[in-house]
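Report on the structure
What follows is each chain in one-letter form.
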Amino acid sequence: MSAAREETIRDLKALRAHLDRTIERLEKGGTLARDAASAERTPPDAGLAEPFVGRLIRSKYSGRCLVCGENYHLDEQVLYSRELRRSAHPRCGKASP
Ligand SMILES: [Zn+2]
């Protein structure tokens, strides 16, 4: 048997083993994208180490407070952090001077 032919057979066996593992995972209810999905998952916004500091402005949008996660509304007073590009309720952070 030629070396190239042996190599091809070895590659195909490795591929078959990989496919067997993938099929087994799917049969157990897993997904193909499992690894990618867990890598892309981002931690929640809550639990900031530092207090939120921002400039007191009237919001031009409605959105979600970075600190408590509750909504704020259009034209409501919010603290806006240019650094984080996020807003928070005035009660949830500190106004920068
Ligand atoms: Zn808040």
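A brief look at the structure comes next.

1. Section: the layout of surface pockets
- The volume enclosed by the largest pocket comes to roughly 190 Å³.
- Around the largest pocket, the lining residues are Ile-57, Ser-59, Lys-60, Tyr-61, Arg-64, Tyr-72, Val-78, Tyr-80, Arg-85, Arg-86 and Ser-87.
- Those elements giving two or more residues to the lining of the largest pocket turn out to be strand S4 (77–81) and strand S5 (86–88).
- Each residue belonging to the lining of the largest pocket can be placed in one class, and the counts come to 5 nonpolar, 2 polar and 4 charged.

2. Details of the coordination of the zinc ion
- Every protein donor of the zinc ion is accounted for by Cys-65 (SG), Cys-68 (SG), His-89 (ND1) and Cys-92 (SG), and the metal-donor separations fall at 2.0 to 2.4 Å.
- Classification of the site at the zinc ion rests on its 4 donor atoms, whose angles at the metal span 99 to 117 degrees, yielding the label tetrahedral.
- Considered as a linear motif, the donors of the zinc ion on their single chain read C-x2-C-x20-H-x2-C. Here Cys-65 is found in the loop between strand S2 (63–64) and strand S3 (71–72), whereas its partner Cys-92 is found in the loop between S5 and strand S6 (93–95), with 27 residues between them in sequence. Just as Cys-65 is buried, Cys-92 falls in that class too.

3. Re unusual backbone geometry
- Positive phi is not limited to glycine here, since Asp-75 has a value of about 70 degrees.
- Tracing the chain through its elements places Asp-75 in the loop between S3 and S4.
- A relative accessible area of 47% places Asp-75 in the partly exposed class.
- The residue Arg-85 is not glycine, and still its phi comes out positive at about 55 degrees.
- As for its position among the elements, Arg-85 is in the loop between S4 and S5.
- Judged by relative accessible area, Arg-85 falls into the exposed class, the value being 65%.

Rules used in this analysis
Residue indices follow the written sequence of each chain, beginning from 1 at its first position. With pLDDT at 70 or above as the cut-off, local features in this predicted model cover only qualifying residues; side-chain atom pairs require 80 or more to be listed or tallied, and sums for whole chains, interfaces and linings still use all residues. Side-chain measures here rest on the full set of heavy atoms in the structure, leaving out hydrogens and waters. Cavities and pockets were defined on a 1 Å grid built from protein atoms only: a cavity is a group of points that admits a 1.4 Å probe but offers it no way out, a pocket is an open group of points flanked by protein on both sides within 12 Å along at least five of seven lines, and a lining residue is one with an atom within 4 Å of any such point. Grid points are joined across faces, edges and corners, and a volume is the space filled by probe spheres set on the points. Secondary structure counts use DSSP, requiring at least four H or I residues in a row for a helix and at least two E residues in a row for a strand, with both numbered from the N terminus. Amino acids are sorted into nonpolar (Ala, Val, Leu, Ile, Met, Phe, Trp, Tyr, Cys and Pro), charged (Asp, Glu, Lys and Arg) and polar (every other residue, Gly among them). Only nitrogen, oxygen and sulfur atoms count as donors, using a 2.8 Å cut-off from the metal that widens to 3.2 Å for Na, K and Ca. Water is left out, so coordination shells may look unfilled. Site shape is set this way: if four donors have all angles between 85 and 135 degrees, tetrahedral; if opposite donors are over 155 degrees apart and all others between 65 and 115, square planar for four donors and octahedral for six; otherwise irregular. Note on exposure labels: buried denotes an accessible area under 20% of the residue type's maximum, exposed denotes more than 50%, and partly exposed covers the range between, all computed with a 1.4 Å probe on protein chains only.

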